[in-house]
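# Coordinate inspection notes
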Amino acid sequence: PAAPAAWPYPARIAHRGAGLRAPENTLAALREGAAFGYLMFELDAKLSGDGVLVLMHDETLERTTDGRGRVAASSLADLMRLDAGSWHSARYAGEGVPTLARAAAWLRANGLHANLEIKPCPGRERETGAAVAIEAERLWDAASVPPLLSSFSVEALEAARRAAPRLPRALLLQDVPHDWAARCRELGCAALVVQESALDEATISRAHAESLKVLAYTVNDPARAAALDAWGIDGLITDAVERISPG
Ligand code: G3P
Ligand code: MG
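Being a predicted model, the structure only gives us computed values, none of them experimental.

## A word on the overall build of the protein chain
Looking only at helices and strands, one finds eight helices and nine strands in the protein chain. Taken against the 2.2 N^0.38 rule, which gives 18 Å for 247 residues, the C-alpha radius of gyration of the protein chain at 17 Å falls within 12% of a compact globule. Taken across its 247 residues, the protein chain has 53% of its residues classed as buried. By sequence separation, contacts in the protein chain at least 24 residues apart represent 57% of the contacts at least 6 residues apart.

Structural data, given as structure tokens:
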């Protein structure tokens, strides 16, 4: 397995920047998560229509911006004109859609870590996986702790591996299929990131026996976080930055 000798990441990761406290996947969210002491951030990366990586969760613009239509049909210039903050609250009016490059610069300037979820628009899995990996190689030099790349898309992870084999990868899983260990091995993953309700102690132990780290998403209940910690979980992705201590 490709698991690094020492796992360099904090055990608490702020989901989409700062969960629900600030508009997701924006620099304001990163600032908010950092204000709560978080040192690592899960962010969703996808390609604009003209091939630039931006942070956005949905395939469409409506929920988290004042725009309309598909991200894949929008140029970077279109996306840069959007307000990605007002939908959340008036306080964040005018907050923009960040490029991955802009978010990475802010994280690196502040000594913070990233989990980049490769979130391809449909049909762009390989292209997006390769683009995130190449961009991550460019933005994080060899002396830095690289971002952890994760995806539900096997194709995206395969493409990321080909493009930048040294970057650590994690397979995202909503449930735990019988062949999860083989899937992780085939992808050369260092970790799996599992929906918290699908995790149990035996799965965590088995993953550790396979030299795989285990992360859980999205853990918002402090009691559940404590239970997962007792089972030896390696990381929790949370919206609840105000209730779950960054460690
Ligand atoms: O990366 C963990 C989690 O973010 C996956 O689900 O829909 O919140 O991107 P989603
Ligand atoms: Mg995500």
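## Side note on the site of ligand 1
Taken together, His-15, Arg-16, Glu-42, Asp-44, His-57, Glu-117, Lys-119, Phe-152, Leu-172, Tyr-217 and Ile-237 are the residues near ligand 1. One nitrogen or oxygen atom from the side chain of Arg-16 is found 2.8 Å from an oxygen atom belonging to ligand 1. Note that an oxygen atom of ligand 1 is positioned 3.3 Å from one of the side-chain N or O atoms of Asp-44. When ligand 1 sits alone it has 290 Å² of accessible area, and the protein chains cover 90% of it. Of the residues that constitute the shell around ligand 1, the class distribution is four nonpolar, two polar and five charged.

## Description of the coordination of the magnesium ion (ligand 2)
The coordination sphere of the magnesium ion (ligand 2) contains the protein donors Glu-42 (OE), Asp-44 (OD) and Glu-117 (OE), at a distance range of 2.0 to 2.2 Å. Going along the chain, you hit the donors of the magnesium ion (ligand 2) in the pattern E-x1-D-x72-E. Just as Glu-42 is buried, Asp-44 falls in that class too.

## What to know about the pairing of strand β5 (residues 148-151)
The alternating pattern of β5 places Leu-148 and Ser-150 and Leu-149 and Ser-151 on opposite faces, both of which are buried. Pairing of strand β4 (residues 113-118) with β5, which is carried by three bridges, proceeds in the parallel orientation. Note that in β5 the partner of Asn-115 across the bridge is Leu-148. What joins β4 to β5 is helix α4 (residues 125-139), and the crossover it makes is right-handed. Relative to strand β6 (residues 169-173), β5 runs parallel, the two sharing three bridges.

## Regarding the environment of Ser-89
On the secondary structure map, Ser-89 appears in the loop between α2 (76-80) and α3 (100-109). Residue Ser-89 is classed as partly exposed on the basis of its relative accessible area of 24%.

## Concerning the packing of aromatic side chains
Here the structure, examined in full by the defined rule, presents two aromatic pairs. Geometrically, the ring pair formed by Trp-7 and Tyr-9 is edge-to-face, given 4.9 Å between the ring centres and 75° between the ring planes. Classification of Trp-7 as buried rests on a relative accessible area of 18%. Ring plane angle 80° and centroid distance 6.1 Å describe the contact between Phe-152 and Tyr-217, whose orientation is recorded as edge-to-face. Of the two residues, Phe-152 is situated in the loop between β5 and α5 (154-163) and Tyr-217 in strand β8 (residues 213-217); the sequence distance between them amounts to 65 residues. According to the relative accessible area criterion, Tyr-217 is buried, its value standing at 13%.

## Some thoughts on the pattern of salt bridges
Tallied over the entire structure, the rule returns 19 salt bridges. In this structure, Asp-179 and Arg-183 form a salt bridge, with 3.0 Å as the shortest nitrogen-oxygen distance. Its relative accessible area of 32% is what places Arg-183 among the partly exposed residues. Three or more residues joined by partner-sharing salt bridges are found here, namely Arg-16, Glu-24, Asp-58 and Arg-63.

## Here's the deal with the side chain of Asn-25
Locating Asn-25 in the fold gives a position in the loop between β1 (12-15) and α1 (27-35). Classification of Asn-25 by relative accessible area gives buried; the value is 2%. A distance of 3.0 Å separates a polar atom in the side chain of Asn-25 from the backbone nitrogen of Asp-44. Setting aside residues up to four positions removed in sequence, Asn-25 forms contacts with Arg-16, Leu-43, Asp-44, Leu-55, Met-56, His-57 and Pro-98.

About the cut-offs
- Every chain's residues receive numbers from 1 upward, in the order its sequence appears when written.
- Each chain is given a letter, starting from A, and each ligand a number, starting from 1, according to the order in which they appear as written.
- The predicted nature of this model means local features are confined to residues of pLDDT at least 70 and side-chain atom pairs, given and counted, to a pLDDT of 80 or more, with totals for whole chains, interfaces and linings taken over all residues.
- Excluding hydrogens and water, the side-chain figures rest on all heavy atoms present in the structure.
- Helix and strand definitions here come from DSSP, where helices need a minimum of 4 consecutive H or I residues and strands a minimum of 2 consecutive E residues; each element is numbered from the N-terminal end.
- Our radius of gyration looks at C-alpha atoms and nothing else; its globule reference is 2.2 Å times the residue count to the power 0.38.
- The cut-offs for exposure are 20% and 50% of the maximum accessible area for each residue type, with area from a 1.4 Å probe on protein chains only; residues under the lower value are buried, those over the upper are exposed, and the others partly exposed.
- In this analysis, two residues are considered to be in contact whenever any of their non-hydrogen atoms come within 4.5 Å of each other.
- Only heavy atoms are used to decide nearness, and a residue is near a molecule or strand if one of them lies within 4 Å of it.
- For the purposes of these results, a polar contact is taken to be a pair of N or O atoms within 3.5 Å, where, inside protein, one atom must be able to donate a hydrogen and its partner to accept one; residues adjacent in sequence count only when each atom of the pair is a side-chain atom.
- The protein chains shown are the only cover counted for residues, whose accessible areas, like all others here, come from Shrake-Rupley with a 1.4 Å probe.
- Gly is placed with the polar residues, together with every amino acid not listed as nonpolar (Ala, Val, Leu, Ile, Met, Phe, Trp, Tyr, Cys and Pro) or charged (Asp, Glu, Lys and Arg).
- A donor here means an N, O or S atom no more than 2.8 Å from the metal, or no more than 3.2 Å when the metal is Na, K or Ca. Since water is not included, a site may seem to lack partners.
- Any two strands between which DSSP finds at least two bridges are classified as paired.
- Assignment of crossover handedness uses the view with strands pointing away from the viewer, where a clockwise path from the first strand over the helix to the second indicates a right-handed crossover.
- Any pair of Phe, Tyr and Trp rings, taking the six-membered ring for Trp, is counted once the centres come within 6.5 Å. Such a pair is stacked with planes under 30 degrees apart, edge-to-face with planes over 60 apart, and tilted for the rest.
- One side-chain nitrogen of Lys or Arg within 4 Å of one carboxyl oxygen of Asp or Glu is enough to make a salt bridge.

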